[in-house]
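Listed below, chain by chain, are the residues.
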Amino acid sequence: MATTTAPETEITMRNRPAAKYVYFFGGGRADGNGKMKDELGGKGAGLAEMTNAGLPVPPGFTIQTEACREYMRHGGISQEVDREMNEALQRLEELQGQGLGKGDNPLLVSVRSGAKFSMPGMMDTILNLGLNDESVEELARRSKNPRFAADSYRRLIQMFGSVVLEIPKSAFDEVFDHKKKQKKAKLDTDLDARALDEVIAEYKKVVRKHAKREFPQDPHEQLVMARDAVFRSWQNERAKHYRRINNISDDLGTAVNVQAMVFGNLGETSGTGVGFTRNPATGAKEFYGEFLMNAQGEDVVAGIRTPVHISELEKIMPQVYNQLREITTRLEKHYRDMQDFEFTIQDGKLYMLQTRNGKRTGRAAVRVAIQMVDEGLITKEEAIFRVEPNQLYDFLVPGLDEKSAKVEVLATGLPASPGAAVGQIVFSADEAVDKAGSGAKKNPVILVRAETTPEDIHGMEVAVGILTSRGGMTSHAAVVTRGMGKCCVAGAGDIEVNEKTREMRVRGQVFTEGDWISLDGTTGRVIKGKLKTLEAKPDDPELLKLMGWAEPFRKLKVRANADIPRDAIQARAFGAEGIGLCRTEHMFFGEKKIPHMRAMILADNEKDRRAALKKLLPMQRADFAGVFEAMDGLPVTIRTLDPPLHEFLPRREELMVDIATLSTVGAAEKKALVAKYKDYGVKGAGDLKKALPALLSRVEQLHEFNPMLGHRGCRLGITYPEITEMQARAIFEAAVTVSRSGVKVHPEVMIPLTSTLKEMANQAEIVHRVAREVFGEKETTVPYLVGTMIELPRAALVADEIAREAQFFSFGTNDLTQTTFGFSRDDVNKVLPTYLAEGILKQDPFAVLDREGVGQLIRMATERGRKTRPDLKVGICGEHGGDPSSVEFCHQVGLNYVSCSPFRVLTARLAAAQAAASDTLKVEGGRTK
Ligand code: PEP
Ligand code: MG
């Protein structure tokens, strides 16, 4: 594994780009610049830009992402990369007047990853490279600090061992912990130089044992191996996972930054820290950050020691503090965005190690954008693009309802990511995944850890909230949860987390797995027990201001999927401009309605069925009236019954068991069975023997092998026209009644799952007929439309024909994705993780619209439908209606509206505005060109 340079011929035969591979920065000049993120990655571009701006940046060079892509393609890199790297190394050595790991003043370097998009902690870093048995002696002599030198060397062996040689971290931890015990050391810093020398000797044995080789003493060999390991780390599982959830392409590759080391752990005039030019949680204009004196590199972000607020630096080193403020203010002005920076102070001298646009919460994003417009840094048009549509969810996140239970604050940590979370404690990411469940079996869990690491990402994703006892606002837990828009309390130091015994101790109390706690991510409080949560108000004045700038661009209307008045009211408050999908089946599940619904299904003749439907009619009418009232003046799309009827009946297998055991059970069990089946017409224990087999026989009749492709959608309304009749009557009677009270109603009756013109015509005829009847009876007319969902490929293919009868289309992209791919929407998770991991699919097509396939059908159906009916109203009401990328596509195709769940309305509004604004404004990365 010493060097993985691939044979030159193999790579030169492929189209090698003319571009150079290695970009130097140092001595006040850089080969690259801040615009070259594609090649240099975010970190490399930032280092180049800062160098060019004359800032104090330790010199070095960036090996560009193309080398990583080559590495992925060929398992090695070309000799040209090696050649350019060696040249750059020589330049660095000359500039510094040092040799890598050589001489009496050895050059040491860091080797870090840096992709185009920041992936905090996902890939690997190696510090202190260049140290070996000899240079460590020189370092000790020069720094007059043998402990520091030994500590740097043992860190290198440890990092190199785990990252490059892939030795489990625990092998090194065991050695270190053992040494601490042996020396009765409490803290790492309690181990002296001699003890650390012993650790180094032990570490070398670990390397020998696990890697079957010596720790490389040749600094150049170290560099080549480290570089290749960083390239490989692009492909590690956690990096892949991070890219998947953040929608970053696997093909980009990472750059590698090799940079002269500066030391924050040289003593009390050295330190290291990270910061933001504004508060990343609230957006407040304040200098924000954390640092540790006498510490190195990852100590701050890794959350191992809890750092102190950056304002303390002003007291300790006022000059350095002022210089840092001055530099970071300049950086913010230069980049015209909030900066997230890293710095190191070596012997009282400040060095900038990184700057990049800082990640922030949704609230902070809105506030910073507005402030920057006020400050004249950016334009209003740019401000629209400074907020990710999904981030607006932050404005809708709940708070804790403090009146719902006694509030016993167990501890207060840092308000790392806002919102509230109430859930059951779990102590590991795997447990979180196990306990969180999915679908109807979803369980709220809170992941409690001493600190999180990138390995915990899968658990963090399923947890409703994260609590850590260590680490600051820039710890892994804080940064990642803010990105996820998930509540997090970090660094709650009073809490003692023991991940081995799975216990959390605080204030003399012990909490174990499954205990309930409540987190307030906005104040950092950890509260005992299960509080209720309060809905957030979306009327934040800053949010309204930003939306006021964005909205004039928007062409797509945004509607909501809502079935009950409460949701409709909520959606309207979030800015919904109508209901795009009211799933009427949800209305039948109400307690009073379900017995009649079941009676309707069990009826074996039309008369009985009509009798049951008659009972349902007034209830449906009342439901519809409530929704119409809530949406006064706006269109309401009501879909006729869609799901297969067996969904309203008991499970076949359960029923079989109850029948089989009926003769053996006693009176109490029989009573329970009567209660269980009373909605199916069972009145007493005496009925059970006859009624249950009759029920089973109906369940058998309705049983389908593939219900999603079965007796559902318009097929139900065609085989039982009286259902459509009843629903149409309920819709029009409600519409007429409500309109008489002055409410403006615009019902749009939607027929599901059509695939032929005749299906559509059949159902449209019923709806129009019933409308005429109701309007005649009531002597009042209301405007209405009859349209269809397009959710089968055939419907898209014959959309021109269907449009003869359908006055509007709404793409049911849940079913359309299911039927286009042939993936069962309920079972796809058996396949999807592998497909995503293998890169067969880039994204979950049920979450992000598949533009190439399903999108083509949408485009075609829209065009064909409008050929027949130029004023055809076209929308989308599948889950994709609230996904920003899918919304953008809907805008591009020229749909009239998107419809999504109420909580995504705000997101869809901004996404639609951004999509339209980018037609007229030339925008790149949140900046108008
Ligand atoms: C759809 O299929 O996209 C849709 C909205 O309908 P449902 O999810 O109810 O099948
Ligand atoms: Mg559907």
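Residues numbered from 1 in each chain as written. Chains lettered and ligands numbered in written order. Predicted model: local features only at pLDDT ≥ 70, side-chain atom pairs only at ≥ 80, totals over all residues. Heavy atoms only, no water.

Caption draft 1: Main features of the site of ligand 1. Around ligand 1, 14 residues are found, and the nearest of them are Arg-583, Arg-639, Gly-812, Asn-814 and Arg-825. Contact distances for ligand 1 include 2.9 Å between an oxygen atom and a side-chain N or O atom of Arg-639. One nitrogen or oxygen atom from the main chain of Thr-813 is found 3.0 Å from an oxygen atom belonging to ligand 1. Its free accessible area being 290 Å², ligand 1 has 94% of it covered by the protein chains. Looking at the shell around ligand 1, the elements with two or more residues in it are strand S26 (579–583) and helix H31 (813–821). Ranked by residue count, the leading element in the shell around ligand 1 is H31, at three residues. Along the lines of polarity and charge, the residues of the shell around ligand 1 split into three nonpolar, four polar and seven charged. (Near = heavy atom within 4 Å. Polar contact = N/O pair within 3.5 Å; in protein donor to acceptor, adjacent residues only side chain to side chain. Areas by Shrake-Rupley, 256 points an atom, 1.4 Å probe, with all protein chains shown as cover. Helix = DSSP H or I, 4+ residues; strand = E, 2+ residues; numbered from the N terminus. Nonpolar A, V, L, I, M, F, W, Y, C, P; charged D, E, K, R; others polar.)

Caption draft 2: How the structure looks around the pairing of strand S20 (residues 503–506). Only one face of S20 is buried, namely the one carrying Met-504 and Val-506, since none of Glu-503 and Arg-505 on the opposite face is buried. Where strand S19 (residues 496–498) and S20 come together, three bridges link them in antiparallel fashion. Across the sheet, Asn-498 pairs through a bridge with Glu-503, a residue of S20. Examined bridge by bridge, S20 and strand S21 (residues 509–512) share four bridges and lie antiparallel to one another. Counterpart to Arg-505 in the pairing with S21 is Val-510. Joining the antiparallel neighbours S20 and S21 is a turn of two residues, in which Arg-507 adopts a positive phi near 45°. (Buried < 20%, exposed > 50% of the residue type's maximum accessible area, 1.4 Å probe, protein only. Pairing = 2+ DSSP bridges.)

Caption draft 3: Molecular detail of the packing of aromatic side chains. Using the criterion set out here, one finds 15 aromatic pairs in the structure. A centroid spacing of 4.8 Å and a plane angle of 70° characterise the contact between Phe-732 and Tyr-784, whose relative ring orientation is edge-to-face. Of the two residues, Phe-732 sits in helix H27 (residues 721–740) while Tyr-784 sits in the loop between helix H28 (757–778) and strand S29 (785–790), which places them 52 residues apart along the sequence. Taken together, Phe-287, Tyr-321, Phe-341 and Phe-343 form an aromatic cluster joined through their ring pairs. When the ring centre of Trp-234 is taken as reference, the NZ or CZ atom of Arg-243 above it lies at 3.8 Å. (Phe/Tyr/Trp six-rings, centres within 6.5 Å; stacked < 30°, edge-to-face > 60°. Lys NZ or Arg CZ within 6 Å of the ring centre and 35° of its normal.)

Caption draft 4: Spatial organisation of the environment of Phe-574. Take Phe-574: it is sitting in the loop between helix H19 (565–573) and S26. Distance from Phe-574 to Val-489, taken between C-alpha atoms, is 28 Å for residues 85 residues apart in sequence. Those residues in contact with Phe-574 that lie beyond four places of it in its chain are Leu-396, Pro-538, Pro-902, Phe-903, Val-905, Leu-906 and Arg-909. (Contact = heavy atoms within 4.5 Å.)

Caption draft 5: Summary view of the sheet that holds strand S7 (residues 271–276). Taken together, the five strands give an open sheet; going across it, the order is S9-S8-S7-S10-S11, and neighbouring strands pair in antiparallel fashion. Lying at the two open borders of the sheet, with one neighbouring strand each, are strand S9 (308–309) and strand S11 (349–357). Here strand S8 (residues 288–293) pairs with S9 via two bridges, running antiparallel. The residue bridging Phe-291 from the neighbouring strand is Val-308, located in S9. The strands touched by helix H12 (residues 318–335) are strand S10 (339–346) and S11; relative to S11, the strand with the most contacts, the crossing angle is about 25°. (Axes fitted to C-alpha atoms, helices over the stretch in contact; angles between N-to-C directions.)

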